[in-house]
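Architecture and fold: a report
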Amino acid sequence: AAYLREILSSYGVLKYAYHRESAFEPSKITKVGQIEVTDHVPLIMAQLVRILECDLQGGLIDVKTRNSVQYCINLLVIDIIPLFNALDLAMERIRETIGSMDPDDAEKLAAFYGKFAKLPDKILTLLKQVSFDRDASPPVTNFDKATIKEFKTKVEGVLQKLKTDDCHPDTVKALAEVAKHEYDSVVSNTQKISMDEVDATQHKKDAPQEMPKETPKEPEKAPATVSHNLLDDLFDTPAVPTSAATLAAGPAPAAASNEEWDPFGSPSAPSGGAAANTVPAKPFNPFEDDPTPAPAT
């Protein structure tokens, strides 16, 4: 009953049944990411542990229950085969990548690896209870002498591999400690850099601040004085006096002139008389006037 509850609990989390995998396709544990491996390993191992905790030896003694109990043992062995294969593949991935994992994950998986190293002996003990009697054999193709013998050889090989230096649990534990040490070193260096930056910033704040130098202001230039007699300035003529006495005396008399301005540009004539008002002769037009002089009369 405990194993069935564990199956349902694991399936509710993983949405996948590792105990129903077959040898005809790769295990899902080889397809998931490293983070998912961290989540799947504990649940796969929990199912294996529940199977190995089942104590059915007492049921084999009673003749009435012997066949049914033996049938249950054979069913449990059928589930153990895919679970152990998936867990072994997961342990291979852990050995290869544990040195670069997050320290918390590395420490947790190293502990699971140590538990995994204890499973082969218990599985070999359970395999000794397998029976191929017709009354106790499940009607499935993956339960025969060849399959069980092949699986037993695999478990024995894993057990021998776990005793080597590269795959020993102590080696994996040491790799997990290396991952933790490297992580602590990175964190320490990061904190040191951060503290150095804080100290530098604080030192910069505590240092006496230099007062900004004031730039001397240029003296303001006096505004240019605009002449009130601009025409006089341009033609270099003396300015018209604007004193109060001059204004009171009235305009100055015009200077006497013997010539008067002629709008037609003719030579000036003496003022007064008919000559002053004589209109100048019409200029000769070669297109309208006859150049031949008129005969005298």
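Anything mentioned here points back to the structure above.
Residues numbered from 1 in each chain as written. Predicted model: local features only at pLDDT ≥ 70, side-chain atom pairs only at ≥ 80, totals over all residues. Heavy atoms only, no water.

1. A closer look at unusual backbone geometry
- Of note, Lys15 is a non-glycine position whose phi angle comes to about 55 degrees, a positive value.
- Mapped onto the elements of the fold, Lys15 is located in the loop between helix H1 (2-14) and helix H2 (34-53).
- A relative accessible area of 57% places Lys15 in the exposed class. (Helix = DSSP H or I, 4+ residues; strand = E, 2+ residues; numbered from the N terminus. Buried < 20%, exposed > 50% of the residue type's maximum accessible area, 1.4 Å probe, protein only.)

2. Side note on the pattern of salt bridges
- Per the stated rule, a full pass over the model turns up five salt bridges.
- Here Arg20 makes a salt bridge to Asp79, at a shortest N to O gap of 2.9 Å. Taken as a pair, Arg20 in the loop between H1 and H2 and Asp79 in helix H4 (residues 63-97) lie far apart in primary sequence, 59 residues in all.
- Residue Asp79 is classed as buried on the basis of its relative accessible area, which comes to 8%.
- The salt bridge partner of Glu92 is Lys161, with a shortest N-O separation of 3.5 Å. Highlighted residues: Glu92 in helix H4 and Lys161 in helix H7 (residues 145-161), separated in sequence by 69 residues.
- Classification of Glu92 by relative accessible area gives partly exposed; the value is 28%.
- Using a relative accessible area of 26% as the deciding quantity, one classes Lys161 as partly exposed.
- Bridged by salt links that share partners, the residues Glu6, Arg50 and Glu53 form one connected network. (Salt bridge = Lys/Arg side-chain N within 4 Å of Asp/Glu carboxyl O.)

3. Some points on the packing of aromatic side chains
- Counted under the stated rule, the structure contains five aromatic pairs.
- Connected via pairs of aromatic rings, a cluster forms that spans Phe84, Tyr113, Phe116 and Phe151. (Phe/Tyr/Trp six-rings, centres within 6.5 Å; stacked < 30°, edge-to-face > 60°.)

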